[in-house]
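One letter stands for each residue in the lines below.
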Amino acid sequence: MRLSRYFLPTLRENPAEAQIVSHRLMLRAGLVRQSAAGIYSWLPLGLKVLRNIERIVREEQNRAGAIELLMPTIQSADLWRESGRYDAYGKEMLRITDRHEREMLFGPTNEELITAIVRDSIKSYRDLPRNLYHIQWKFRDEVRPRFGVMRGREFLMKDAYSFDIDKAGARKAYEKMFVAYLRTYARLGLKAIPMAADTGPIGGDMSHEFIILAETGESAVFCHQDLVDYDILGQEIDFEGDLTPIIDRWTGLYAATDEKHDEARFASEVPAEKQIAARGIEVGHIFYFGTKYSKPMGAVVAGPNGEQVELEMGSYGIGVSRLIGAIIEASHDEGGIIWPESVAPFKVALINLKSGDATVDAACDKLYAQLEAAGIETLYDDTAERAGSKFATADLIGLPWQVHVGPRGLANGIVEVKNRKTGERREVAIDQVVAAFA
Ligand code: ATP
Ligand code: MG
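Okay, so let's go over this structure. Model, not experiment: these values are computed from the prediction.

Topic: the overall build of the protein
Here is step 1: What the protein contains, in helices and strands, is 15 helices and 23 strands.
Here is step 2: A compact globule built from 438 residues would reach a C-alpha radius of gyration of about 22 Å, and the protein, at 25 Å, matches this within 12%.
Here is step 3: Taken over the C-alpha atoms alone, the protein extends approximately 80 × 60 × 40 Å along its principal axes.
Here is step 4: Relative to its 438 residues, the protein shows a buried fraction of 54%.
Here is step 5: A separation threshold of at least 6 residues defines the contact pool for the protein, and within that pool the share at least 24 residues apart is 71%.
Here is step 6: As displayed, the protein has an accessible area near 19,400 Å², and 49% of this comes from carbon and sulfur atoms.

Below is the structure:
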């Protein structure tokens, strides 16, 4: 993409309304614009990142055996009366009346809708287990929308729902999502720690929040240092096999959010030098809730002996749009964002240091064509800005690599390649640039 033809409205000054670094950088780097409190437009650069996150989330859901569908944003109030949540949900629910005076709502979550779909379609235990997910916009009329997309009112969520004939099956479904989540966050370049979370009246051990440690996090969290260093991507995972060794490893050390925190246990189980008491951002939540919805909504199937069995369910959320804020909180410096390669909107910023100079223009145009032809996504700064301002923009928007092309280097057939994360610069022969990224 040529920057001269792109839509990248960056801001030089820090916007006054932004309290945390990710919000500031998202506005400054031209990723989003607020359209109303907690409601954002995704500008082209932000949308590319959102799509990249979605793609990784989707690949890992599919790998774990979940099946994608798409449910609407608008739901009928009647459905929520069946579960008893229509009144209980309170003011966070955006309620809408259509022209026929029918009560509707903008979905804050989808347990009711997916339960109704499965109830109407699955009649026998033979068609179980199933895990269905979608990636769809939600609306919650949060009391205090803040921190940009971190706590929005409209936000993008991946929500999956598992259906099983018994609790053992539900546990297996839960374990698959647990491991899929570990892989997802690791691929996004994040260290997310599963922490025991509230299970409500059901009890048990099957509720975890996935937390990124960050000073600006909304919850206080407590965990064992070693969890931060655990790695999941180094191993082959058979999702149909026994996942308990992985689960045991990741749940074997103390980790809890303030709701579940037990100071005495923390002190006795975690050696003082390994104790982390920090703040965290919740980027996902997985939850087993048994028959909470299947019972009131009559979602039953015929079991092996012909008896009617209420479906055992769990739900599994990932805050897709919140993740962009979380990634920036975890990965930035004074100059701006530092995107992990897996989600970067472009891989390379190609910077023409002397636009208007025929030799430099020609060299840049050629390099740009070669990079594109090699499938390396490149944002080519062919504008008339000064070099200093181009460098600042490239650092701000945080593409993993920069290629600086100027008259002095070109005289020797050389360009400069800069790694955004380490700041390391090296000289590369102009005909070796494409190979350096391939
Ligand atoms: P929170 O405690 O932050 O309000 P929640 O418990 O209401 O979260 P869930 O209903 O479990 O969240 O939703 C799944 C995921 O969706 C959360 O883990 C979070 O990453 C994301 N999420 C929830 N609310 C918001 C919001 N207002 N803006 C952006 N993302 C959100
Ligand atoms: Mg909430």
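Topic: the environment of Leu 45
Here is step 1: Inspection of the secondary structure assignment puts Leu 45 in helix H2 (residues 44-63).
Here is step 2: For Leu 45 and Leu 31, which are 14 residues apart along the polypeptide, the C-alpha to C-alpha distance reads 5.3 Å.
Here is step 3: In contact with Leu 45, other than residues within four places in its own chain, are Tyr 6, Leu 8, Ala 29, Gly 30, Leu 31, Pro 345, Phe 346 and Ile 397.

Side note on the pairing of strand E22 (residues 414-419)
Here is step 1: Inspection of the sheet shows strand E21 (residues 401-405) paired to E22 by four bridges, in the antiparallel sense. In the strand pairing of E22, Trp 401 is matched with Asn 419.
Here is step 2: Here five bridges tie E22 to strand E23 (residues 425-429), and the two strands are oriented antiparallel to one another. Bridged to Val 415 within E23 is Val 428.

Considering the site of ligand 1
Here is step 1: Around ligand 1 lies a shell of 14 residues, among which Arg 140, Glu 142, Arg 151, Gly 152 and Glu 282 are the nearest.
Here is step 2: Between Arg 140 and ligand 1, the recorded distance is 2.9 Å, taken from a side-chain N or O atom to an oxygen atom.
Here is step 3: Residue His 285 places a side-chain N or O atom 3.4 Å away from an oxygen atom belonging to ligand 1.
Here is step 4: In the complex, the protein chains occlude 80% of the 580 Å² of accessible area that ligand 1 would expose alone.
Here is step 5: Listed by contribution, the elements that provide at least two residues to the shell around ligand 1 are strand E8 (154-164) and strand E13 (275-290).
Here is step 6: The leading source of residues in the shell around ligand 1 is E13, at four residues.

Side note on the environment of Glu 312
Here is step 1: By the element assignment, Glu 312 lies in strand E16 (residues 312-319).
Here is step 2: The spacing of Glu 312 and Leu 3 is 309 residues in sequence and 52 Å in space, taken between C-alpha atoms.
Here is step 3: Apart from residues no more than four positions distant in its own chain, Glu 312 is found in contact with Ser 162, Phe 163, Asp 164, Ile 165, Asp 166, Lys 167, Ala 170, Tyr 288, Gly 290 and Thr 291.
Here is step 4: There is a polar contact of 2.5 Å between the side chain of Glu 312 and the side chain of Tyr 288.

Here's the deal with the sheet that holds strand E6 (residues 103-106)
Here is step 1: If you trace the three strands from one edge of the open sheet to the other, you get E4-E6-E5, paired in antiparallel fashion. The sheet is open, and its two borders are formed by strand E4 (74-76) and strand E5 (94-97), each paired with just one other strand. With direction set aside, neighbouring strand axes in the sheet form an average angle of 40 degrees.
Here is step 2: Where E4 meets E6, three bridges bridge the pair, whose relative direction is antiparallel. Note on E6: the bridge partner recorded for Ser 76 is Met 104.

Let's talk about the nonpolar core
Here is step 1: Judged by nonpolar contacts, the single largest core of 87 residues is most densely connected at Leu 31, Ile 53, Tyr 185, Leu 188, Phe 210, Ile 324 and Trp 339.
Here is step 2: With 10 residues, the top contributor of residues to this core is helix H6 (residues 167-187).
Here is step 3: Not counting residues within four places of it along the chain, the set of residues in contact with Leu 188 comprises Ile 53, Ile 56, Leu 323, Ile 327, Pro 340, Ser 342 and Val 343.
Here is step 4: Counting residues in each nonpolar core, the second largest holds 25 residues, with Val 118, Ile 122, Tyr 161 and Met 297 among its members.

Notes on the pattern of salt bridges
Where side chains of opposite charge bring their charged atoms close, a pairing between them can arise.
Here is step 1: Tallying each qualifying case throughout the model produces 35 salt bridges.
Here is step 2: Close ionic contact of Glu 377 with Lys 48 constitutes a salt bridge, the shortest N to O distance being 2.8 Å. With Glu 377 in the loop between helix H12 (358-373) and strand E20 (378-381) and Lys 48 in helix H2, the pair connects residues that are 329 residues apart, well separated along the chain.
Here is step 3: Accessibility expressed as a relative area gives 23% for Lys 48, which makes it partly exposed.
Here is step 4: Among the ionic pairs, Glu 269 bridges to Arg 265, the shortest N-O distance being 2.6 Å. Here the residue Glu 269 and the residue Arg 265 both occupy positions in helix H9 (residues 263-269), the gap between them amounting to four residues, near one helical turn.
Here is step 5: The exposure class of Glu 269 is partly exposed, given its relative accessible area of 39%.
Here is step 6: Several salt bridges share partner residues, and in doing so they unite Arg 55, Glu 59, Glu 60, Arg 63, Arg 183 and Arg 187 into one network.

What about the packing of aromatic side chains?
Here is step 1: Scanning the model with the defined rule gives 16 aromatic pairs in all.
Here is step 2: Both rings, one in Trp 80 and one in Tyr 89, keep their centres 5.6 Å apart while their planes meet at 85 degrees; by these two values the pair is edge-to-face.
Here is step 3: Taking relative accessible area as the criterion, Trp 80 reaches 0% and is therefore assigned buried.
Here is step 4: On the basis of an interplanar angle of 65 degrees and a centroid distance of 5.6 Å, the ring pair of Phe 178 and Phe 210 is categorised as edge-to-face. Here Phe 178, found in helix H6, pairs with Phe 210, found in strand E10 (residues 207-213); they are 32 residues apart in sequence, far enough to count as distant. Note on accessibility: Phe 178 and Phe 210 belong to one class, buried.
Here is step 5: Put simply, the rings of Phe 178, Tyr 181, Tyr 185 and Phe 210 pair up and form one aromatic cluster.
Here is step 6: Positioned over the ring face of Tyr 86 is Arg 95, at 4.6 Å from the centre of the ring.

Thresholds, definitions, all that
Residues numbered from 1 in each chain as written. Chains lettered and ligands numbered in written order. Predicted model: local features only at pLDDT ≥ 70, side-chain atom pairs only at ≥ 80, totals over all residues. Heavy atoms only, no water. Helix = DSSP H or I, 4+ residues; strand = E, 2+ residues; numbered from the N terminus. Rg over C-alpha atoms; globule rule 2.2 N^0.38 Å. Buried < 20%, exposed > 50% of the residue type's maximum accessible area, 1.4 Å probe, protein only. Contact = heavy atoms within 4.5 Å. Areas by Shrake-Rupley, 256 points an atom, 1.4 Å probe, with all protein chains shown as cover. Pairing = 2+ DSSP bridges. Near = heavy atom within 4 Å. Polar contact = N/O pair within 3.5 Å; in protein donor to acceptor, adjacent residues only side chain to side chain. Axes fitted to C-alpha atoms, helices over the stretch in contact; angles between N-to-C directions. Core = buried A, V, L, I, M, F, W, Y, C linked by side-chain atoms within 4.5 Å. Salt bridge = Lys/Arg side-chain N within 4 Å of Asp/Glu carboxyl O. Phe/Tyr/Trp six-rings, centres within 6.5 Å; stacked < 30°, edge-to-face > 60°. Lys NZ or Arg CZ within 6 Å of the ring centre and 35° of its normal.

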